[in-house]
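Examination of the molecular architecture
Here are the chains, one letter per residue:
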Amino acid sequence: MKKTPTNSTNSEANMENSVVAITQLEQVNTSLQKTPVFVKIGSRWCPECRSLKPVLDKLAVEYQGKATIAAIDADKNLELAEYFEVEFIPDSFVIVGIENGTYVYMQENGNVSTDRSKARFIGRNETDEEMFKKSSGFCPYSTGKKQKQMKRNIN
């Protein structure tokens, strides 16, 4: 399990109505203080990754204030791609919190896990938007009651 850096509030991560370009883990941590974070990792040369852009743009508008929609360019941010153990792109996941210094990820079935391999969406298919909506339907986990529920469901 990888530890996250300490939380920081020095970030530009919460831009209204737009997909946030993540270049540092600080941005994820700052966004998590307010909302769950949907992260898509891809690259400009990847046609499937580029085809997700309209989906992410739509989700950023639809989930404004409820979730942060973020993208990481794997080629420009090799350290982040390595940190999240990216093997294939596009690679997407929803981070709902931090527990004991480790990210907590939402699985498609509503359970949460600190094991990202159990909570990743790999590739591009017709249900990308539906998969995010389904997993985010179990969010937000920012309230105390939801945090307690999250702790009970961790795999």
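Details of the structure are given in the entry above.
Residues numbered from 1 in each chain as written. Predicted model: local features only at pLDDT ≥ 70, side-chain atom pairs only at ≥ 80, totals over all residues. Heavy atoms only, no water.

**Details of the packing of aromatic side chains**
- If you walk through the whole model with that rule in mind, you get 6 aromatic pairs.
- Taken together, a centroid distance of 5.7 Å and an interplanar angle of 80° make the contact between Phe-93 and Tyr-105 edge-to-face. Of the two residues, Phe-93 sits in strand β4 (residues 91-99) while Tyr-105 sits in strand β5 (residues 102-106), which places them 12 residues apart along the sequence.
- Accessibility expressed as a relative area gives 0% for Phe-93, which makes it buried.
- Among the aromatic side chains, those forming a connected cluster through ring pairs are Tyr-83, Phe-84, Phe-93, Tyr-103 and Tyr-105. (Phe/Tyr/Trp six-rings, centres within 6.5 Å; stacked < 30°, edge-to-face > 60°. Helix = DSSP H or I, 4+ residues; strand = E, 2+ residues; numbered from the N terminus. Buried < 20%, exposed > 50% of the residue type's maximum accessible area, 1.4 Å probe, protein only.)

**Things to note about helix α3 (residues 53-62)**
- Every buried residue belonging to α3 is among Val-55, Leu-56, Leu-59 and Ala-60, and all of these are buried. Angular distribution of buried residues about the axis of α3 spans 135°; they occupy a single face of the element. (Arc of directions from axis to C-beta.)

**Brief notes about helix α1 (residues 25-32)**
- Counting buried residues in α1 gives 7 out of 8 residues, a clear majority hidden from the surface.
- Burial in α1 covers these residues: Leu-25, Gln-27, Val-28, Asn-29, Thr-30, Ser-31 and Leu-32.
- Packed against the buried residues of α1 are β1 (20-21), β2 (37-42), β3 (68-73), α4 (78-83), β4 and β5. (Contact = heavy atoms within 4.5 Å.)

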